[in-house]
Amino acid sequence: MHVTTTDAPIGVFDSGFGGLTVARALLDQLPGEDMVYLGDTARAPYGTKSIPEVREYALECLDYLAETGVKALVIACNSASSAVLRDARERYDIPVIDVILPAARRAVRASKSGRIGLICTEATATSASYDDALAAVPGVELITTPCPLFVDFVEAGITGGEELLHAAQDYLLPLRESGIDTLILGCTHYPLLAGVISYVIGDDVTLVSSAEECAKEVFATLADQGLMHTEPRTATLRFLTTGSPELFTGIGRRLMGGFVDQVEQVYTFAT
Ligand code: DGL
């Protein structure tokens, strides 16, 4: 067991590159905090896998990060959050922050009509984790559309172009017609597609990014638990991948810019 100190880094985990949107939001909101990011790219995507399989992979990755001595764990993946959230809170003696509850809360505040759209992976849709998160809120109707191709586009580094536009129209136009006023980007890959999503759905629909909301929750948790660095400092970022470090660096930089550096490979897990 590790003693948690303010000096320890934050552990951030995703199936692949999507969690980098959370890492970037964390960097914006908590620039003085060190971070260790683990992308399970060798086993991504998670969104097309069964919940028990996602659960097994996610717990392996979270155990690995917890063992490195991080001060908080951020599950920067909706599919993984859907599969492990309850277990993870009980399993670790450090704060565990997910993407689902903060995004669901923000969507309720943002929506005037109570008609909220959710786009996500098949795994997140099947788990009904957002339905559960919103179940106790009166007057909310959640309309869920899985968008499986979106993750493939992002993992290939594609964030624009005709093919993506057509996929976005197929997924989003029926949602627009359903009269939603708020749309949860319920997959951490999707903020990288916010341009095309907003273009198709229309800017009268408020987009709620699970990445942004999760970063706010991390800030609040560190502040409340006295775990935040308060003096000015330059943070260290470490990136780990279960797949190819070259690929991770290449796509990571294309999507997120120069802060993706020093990528190391983790060999521990069976693929
Ligand atoms: N970024 C992950 C999420 O938020 C899913 C990507 C995947 O399918 O691996 O659900």
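Everything discussed here concerns the structure shown above.
Predicted model, so just to flag it, every value in this text is computed and none were measured.

1. Examining the site of the ligand
No. 1: Taken together, the neighbourhood of the ligand is formed by 13 residues, with S15, Y46, N78, S79 and H189 sitting nearest.
No. 2: Within the contact set of the ligand, an oxygen atom lies 2.7 Å away from a backbone nitrogen or oxygen of G47.
No. 3: Here the ligand loses 99% of its free accessible area of 300 Å² to cover by the protein chains.
No. 4: Here the shell around the ligand is built from residues that sort into five nonpolar, seven polar and one charged.

2. Concerning the pattern of salt bridges
No. 1: Here the structure, examined in full by the defined rule, presents 14 salt bridges.
No. 2: D34 is paired through a salt bridge with R233; the nearest N and O atoms lie 3.1 Å apart. One end of the pair, D34, is in the loop between α1 (20-29) and β2 (35-39); the other, R233, is in the loop between α10 (210-224) and β9 (237-241), with 199 residues separating them in the sequence.
No. 3: A relative accessible area of 12% means that D34 is categorised as buried.
No. 4: The residue D40 makes a salt bridge to R43 at a minimum N-O spacing of 2.8 Å. With respect to class, D40 is no different from R43; both count as buried.

3. Some words on the sheet that holds strand β6 (residues 141-146)
No. 1: The sheet built from four strands is open, its strands ordered β6-β5-β7-β8 with parallel pairing. Each edge of the open sheet carries a strand with a single partner, namely β6 and β8 (206-209). For this sheet the average axis-to-axis angle between neighbouring strands, irrespective of direction, equals 25°.

Calculation rules
- Residues numbered from 1 in each chain as written.
- Predicted model: local features only at pLDDT ≥ 70, side-chain atom pairs only at ≥ 80, totals over all residues.
- Heavy atoms only, no water.
- Near = heavy atom within 4 Å.
- Polar contact = N/O pair within 3.5 Å; in protein donor to acceptor, adjacent residues only side chain to side chain.
- Areas by Shrake-Rupley, 256 points an atom, 1.4 Å probe, with all protein chains shown as cover.
- Nonpolar A, V, L, I, M, F, W, Y, C, P; charged D, E, K, R; others polar.
- Salt bridge = Lys/Arg side-chain N within 4 Å of Asp/Glu carboxyl O.
- Helix = DSSP H or I, 4+ residues; strand = E, 2+ residues; numbered from the N terminus.
- Buried < 20%, exposed > 50% of the residue type's maximum accessible area, 1.4 Å probe, protein only.
- Pairing = 2+ DSSP bridges.
- Axes fitted to C-alpha atoms, helices over the stretch in contact; angles between N-to-C directions.

No statement about biological role is implied by the geometric values presented.
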